[in-house]
Amino acid sequence: LDHNRIAVVYNGVGAHFCQDASVEKKGYLLFVGNRSAAYKRFDVAVEVARLTGVSLVMVGGALSEEERKMLDEQLGTDRYHAYADVSNLMLNTFYNEALCLLYPSDYEGFGIPILEAQKAGCPVLCQATSSIPEVIGESGIMLPAAPPRQLAADMADIVRQLLSGRIDSIALTEQGKTNAARFSWDKTYQQTYDFYQTIFH
């Protein structure tokens, strides 16, 4: 196709996501998204929590009985919490409290939670697949695509380094906020509007 006839318009990230100094860090692992979609690799997030002993907070739909049983067996009843239908304000608090966002997804059309987390000052640990490298740039910790067991082991090692300070979470936070600043819904609107102006004039 003629590149002059193509416009790439990125999604944005909500203005209500921000780093809040009044929120106390609680240091849990955060998973945001659809747990039932196999490509999201929720099983990897659970395994990372099991390997590291760090609590897991999940934001998405309500837990099924099957999921609750699996989490009880893998993590224990007191090492996970699940929240459904949360407001953006509450989600921003979760990002602010977390040690990092676990984003082991195999495929994303864009990956909005990555930018929400970064804008809120939460480091992102993800897989270098599909659109993710284009969205996150050099600002997160990207691991090569790998089978679930290997990916979980690699992510667990990074989590341990974050906990020990061998990886500078403050630097990651600043890099993430700089990256997230590249995206806004105002910019999405303006670029979309400009594209249609080009088409019809």
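Keep in mind the model is a prediction, meaning the values are calculated, not measured.

What counts and what doesn't
Residues numbered from 1 in each chain as written. Predicted model: local features only at pLDDT ≥ 70, side-chain atom pairs only at ≥ 80, totals over all residues. Heavy atoms only, no water. Buried < 20%, exposed > 50% of the residue type's maximum accessible area, 1.4 Å probe, protein only. Helix = DSSP H or I, 4+ residues; strand = E, 2+ residues; numbered from the N terminus. Pairing = 2+ DSSP bridges. Right-handed = clockwise from strand over helix to strand, strands pointing away. Contact = heavy atoms within 4.5 Å. Axes fitted to C-alpha atoms, helices over the stretch in contact; angles between N-to-C directions. Parallel < 35°, antiparallel > 145°, perpendicular 65-115°, else oblique. Left-handed = near helix turned anticlockwise from the far one by under 90°. Nonpolar A, V, L, I, M, F, W, Y, C, P; charged D, E, K, R; others polar. Salt bridge = Lys/Arg side-chain N within 4 Å of Asp/Glu carboxyl O.

Colleague: Honestly, the pairing of strand β2 (residues 56-60) in this entry has me stumped. Any pointers?
Modeller: It is a general feature of regular strands that their side chains alternate between the two faces of the sheet. Across the 5 residues of β2, 4 count as buried, placing the element largely inside the fold. Two strands pair when backbone bridges link them, and strand β1 (residues 29-32) and β2 are joined in this way by 4 bridges, in the parallel orientation. Counterpart to Phe31 in the pairing with β2 is Met58. Crossover handedness for the path β1 to helix α1 (residues 42-52) to β2: right-handed. Of the pairings in the sheet, the one linking β2 to strand β3 (residues 80-84) comprises 5 bridges and is parallel in character. Considered in β3, the bridge of Met58 is made with Ala82. As for the winding sense of the linkage, the β-α-β connection from β2 through helix α2 (residues 65-75) to β3 is right-handed.

Colleague: Sorry, what's going on with helix α3 (residues 88-97) here?
Modeller: Think of an α-helix as turning once every 3.6 residues; residues three or four places apart then point the same way. Buried within α3 we find Leu91, Asn92, Phe94, Tyr95, Asn96 and Glu97. Tucked into the core, α3 has its buried residues touching β1, β2, β3, β4 (100-103) and α4 (112-119).

Colleague: Is there a simple way to think about the environment of Gly33 in this case?
Modeller: With respect to the helices and strands, Gly33 occurs in the loop between β1 and α1. Once the C-alpha coordinates of Gly33 and Ser105 are considered, the two residues, 72 residues apart in sequence, prove to be 9.7 Å apart. Once you skip the residues sitting within four places of it in the chain, Gly33 turns out to touch Val59 and Gly60.

Colleague: It is not clear to me how the packing of α1 against α2 should be interpreted in this structure. Could you clarify?
Modeller: For any two helices packed against each other, the geometry is given by the interaxial angle and the distance between the axes. Between α1 and α2, the least distance of the axes is 9 Å, while the angle of their chain directions is 30 degrees. Here α1 is positioned roughly parallel relative to α2, judged by the angle of their axes. When the axes of α1 and α2 are compared, the crossing they make is right-handed. When α1 is examined against α2, the residues Phe42, Val46, Glu47, Ala49 and Arg50 are found in contact with a partner set consisting of Met70, Leu71, Gln74 and Leu75. Classifying every residue of the contact of α1 with α2 by side-chain character gives 6 nonpolar, 1 polar and 2 charged.

Colleague: Teacher, can you tell me more about the pattern of salt bridges here?
Modeller: When the charged atoms of two side chains with opposite charge come close together, those side chains can pair. Taken as a whole and judged by the stated rule, the model has 6 salt bridges. For Glu67, the salt bridge is made with Arg35, and the minimal N-O distance between the two is 3.0 Å. Pair noted here: Glu67 is in helix α2 and Arg35 is in the loop between β1 and α1, with a separation of 32 residues, a long-range link. In this pair, the class of Glu67 matches that of Arg35, namely buried. For Glu174, the salt bridge is made with Lys177, and the minimal N-O distance between the two is 3.2 Å. Placement of both Glu174 and Lys177 in helix α7 (residues 169-180) is noted, with a separation of 3 residues, approximately one turn of the helix.

Colleague: Is there a simple way to explain the sheet that holds strand β5 (residues 124-127) in this structure?
Modeller: Working definition: the strands of a sheet are paired by backbone hydrogen bonds and lie parallel or antiparallel to each other. Here 6 strands make up an open sheet; going across it, the order is β3-β2-β1-β4-β5-β6 and the pairing parallel. The sheet is open, and its two borders are formed by β3 and β6 (141-143), each paired with just one other strand. Strand-to-strand twist in this sheet, taken as the mean axis angle between neighbours without regard to direction, amounts to 20 degrees. Bridge count for β4 against β5 is 3 bridges, and the pairing is parallel. Within the sheet, the bridge partner assigned to Tyr103 lies in β5 and is Cys126. Docked against the sheet, α2 engages β2 and β3, running at close to 155 degrees with respect to β3.

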